[in-house]
Amino acid sequence: MTQLTKLVSAGVSLLALNLTVLAVGALDTYAQSSPTTTFSDVQPNYWAQPFIRGLAARNIVTGYPDGTFRPEQPVDRDEFAAIIRKAFDQPPTRQIQSGAVYKDVPNNYWATRPIEEAYQQGFMSGYPGGYFRPNQSVSKVEAIVALNKGLNLITGTSAVTVPTAMQRVVPQKTAQKPVKRRMMPLAFTTLMQPLLISKAPAVAANPVNLNRPASFVITNTYADANNIPQYAVGDVAAATKANIVVNYPNIKVLNPSKPATRGEITALVYQTLVSQGKIEPIAINLAANQYIVRTPVNKQNAQ
């Protein structure tokens, strides 16, 4: 009887130990997978804080190992491709030859797959000669055009056509060339999920249609409308109508050619998700809401 009691006691202890291990393991897994939403350099009063926190909660954007987000740091083309890949799940609109890469994007480059998907989904294209320029900064207007092209936003344009200067460049298999290494935000190297449009010479092969309504939206919304490249007028107008554009500190100034920062890209991607009904809009009582560009009609709807 004593022996039986000992066996039962040992069995109960072993079961309790296993349950404890499972519980600790589950907590550890949750701790590792739970995204970080606060960063040492993004204070509650920072203009883009709600956008950053919202996308960080969904692991679309991440911080750096030192706990910072670096919201004022310019975003390069490779990083933008990775963010878009994690934010949107678009079906491919074109294919590239299996194993094909840009001359400056070797197969073992951290963003090779996001870049290839960016091309296939229509968000981006390369430059003449088969180059992608992964470490080149993305301007604000390039980011807006990329989102518009990749997501097929309604432009409502017709009438006037503006021919583009260059055709799209299809990636070609070629010898690999070294690419400069950069420290990427934490989780990029292991979660390359979340693309890009190049500068005017590398934009879509098809002509871009412009019409008076698109030009009207631009000239009546932005004080620096004359600085917006002609090829981008229709895309910027469509993004503006969809409440995707966010301008800080002056809502009337787009600064189209200025390199977009991590804070600005986060705001644009957040608003794009809002327009698709995939994320809740920023609360109207938050300061960040005042930097969302709205046309007169959209302003009435927001009130």
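Note: the structure precedes this text.
Caption draft 1: View of the overall build of the protein chain. A count of helices and strands for the protein chain gives 9 helices and 2 strands. Moving toward the C terminus, one meets the helices and strands of the protein chain in the order α-α-α-α-α-β-β-α-α-α-α. Within the protein chain, the fraction of its 303 residues that count as buried is 50%. A total accessible area of about 15,000 Å² is found for the protein chain, and carbon and sulfur atoms account for 56% of it.

Caption draft 2: Region of the structure containing the pattern of salt bridges. Taken as a whole and assessed by the stated rule, the structure comprises 7 salt bridges. A salt bridge links Asp66 to Arg70, with the nearest nitrogen and oxygen atoms 3.3 Å apart. One salt bridge in this structure joins Glu117 and Arg113, with 3.2 Å as the shortest N-O distance. One end of the pair is Glu117 and the other is Arg113, both in helix α4 (residues 112–120) and 4 residues apart, which spans about a single turn. Exposure remark for Glu117: the relative accessible area of 15% places this residue in the buried category. On the accessibility criterion, Arg113 (41% relative accessible area) is partly exposed. Salt bridges sharing partners connect three or more residues here, namely Arg85, Arg113, Glu116 and Glu117.

Caption draft 3: Representation of the nonpolar core in the model. Counting residues in each nonpolar core, the largest one holds 70 residues, and the members touching the most others are Phe51, Phe88, Ile115, Tyr222, Ile228, Val236 and Val269. Breaking this core down by element, the ones donating at least two residues are α2 (49–57), α3 (77–87), α4, α5 (140–151), α6 (212–219), α7 (233–241) and α8 (262–275). A total of 7 residues in this core trace back to one element, the largest contributor, which is α5. Discounting chain neighbours no more than four positions away, the residues touching Ile228 are Val141, Ile218, Tyr222, Val233, Val236, Leu254 and Pro256.

Caption draft 4: View of the side chain of Thr261. With respect to the element layout, Thr261 can be found in the loop between α7 and α8. The residues contacting Thr261, other than those within four sequence positions of it, are Pro71, Glu72, Gln73, Pro74 and Val75.

Caption draft 5: Region of the structure containing unusual backbone geometry. At the junction of Tyr248 and Pro249, the peptide bond is cis and its omega measures out at 5° in the coordinates. Assignment of secondary structure puts Pro249 in the loop between α7 and α8. One non-glycine residue, Asn243, lies in positive phi territory at about 60°. Inspection of the secondary structure assignment puts Asn243 in the loop between α7 and α8. The backbone phi angle of Asn255 is positive, close to 55°, even though this residue is not glycine. Checked against the element boundaries, Asn255 lands in the loop between α7 and α8.

Caption draft 6: Structural context of α7. Burial runs high along α7: 8 of the 9 residues are buried. Turning to α7, its buried residues number three or more, namely Val233, Gly234, Asp235, Val236, Ala237, Ala238, Ala239 and Thr240. Asn243 sits one or two residues past α7 and shows a positive phi near 60°.

Caption draft 7: The arrangement of the packing of α3 against α8 in detail. Contact geometry for α3 and α8: axes closest at 11 Å, N-to-C directions at 25°. Judged on the interaxial angle alone, α8 and α3 are roughly parallel. As α3 packs across α8, the resulting crossing turns out to be right-handed. Within the contact between the two elements, α3 uses Glu79, Phe80, Ile83, Ile84 and Ala87 and α8 uses Arg262, Ile265, Val269 and Leu273. Along the lines of polarity and charge, the residues of the contact of α3 with α8 split into 7 nonpolar, no polar and 2 charged.

Caption draft 8: Representation of α8. Counted at 1.5 Å a residue, the expected span for α8 with its 14 residues is 20 Å, and the 20 Å between its end C-alpha atoms agrees. For α8, a buried count of 12 out of 14 residues is recorded, marking the element as mostly surrounded by other parts of the structure. For α8, every residue scored as buried is listed here: Arg262, Gly263, Glu264, Ile265, Thr266, Ala267, Leu268, Val269, Tyr270, Gln271, Thr272 and Leu273. Where the residues of α8 are buried, they touch α2, α3 and α5. Looking one or two places after α8, you find Gly277, whose phi comes out positive at around 70°.

Reading the values: the criteria
- Residues numbered from 1 in each chain as written.
- Predicted model: local features only at pLDDT ≥ 70, side-chain atom pairs only at ≥ 80, totals over all residues.
- Heavy atoms only, no water.
- Helix = DSSP H or I, 4+ residues; strand = E, 2+ residues; numbered from the N terminus.
- Buried < 20%, exposed > 50% of the residue type's maximum accessible area, 1.4 Å probe, protein only.
- Areas by Shrake-Rupley, 256 points an atom, 1.4 Å probe, with all protein chains shown as cover.
- Salt bridge = Lys/Arg side-chain N within 4 Å of Asp/Glu carboxyl O.
- Core = buried A, V, L, I, M, F, W, Y, C linked by side-chain atoms within 4.5 Å.
- Contact = heavy atoms within 4.5 Å.
- Axes fitted to C-alpha atoms, helices over the stretch in contact; angles between N-to-C directions.
- Parallel < 35°, antiparallel > 145°, perpendicular 65-115°, else oblique.
- Left-handed = near helix turned anticlockwise from the far one by under 90°.
- Nonpolar A, V, L, I, M, F, W, Y, C, P; charged D, E, K, R; others polar.
- Expected span 1.5 Å × (residues − 1).

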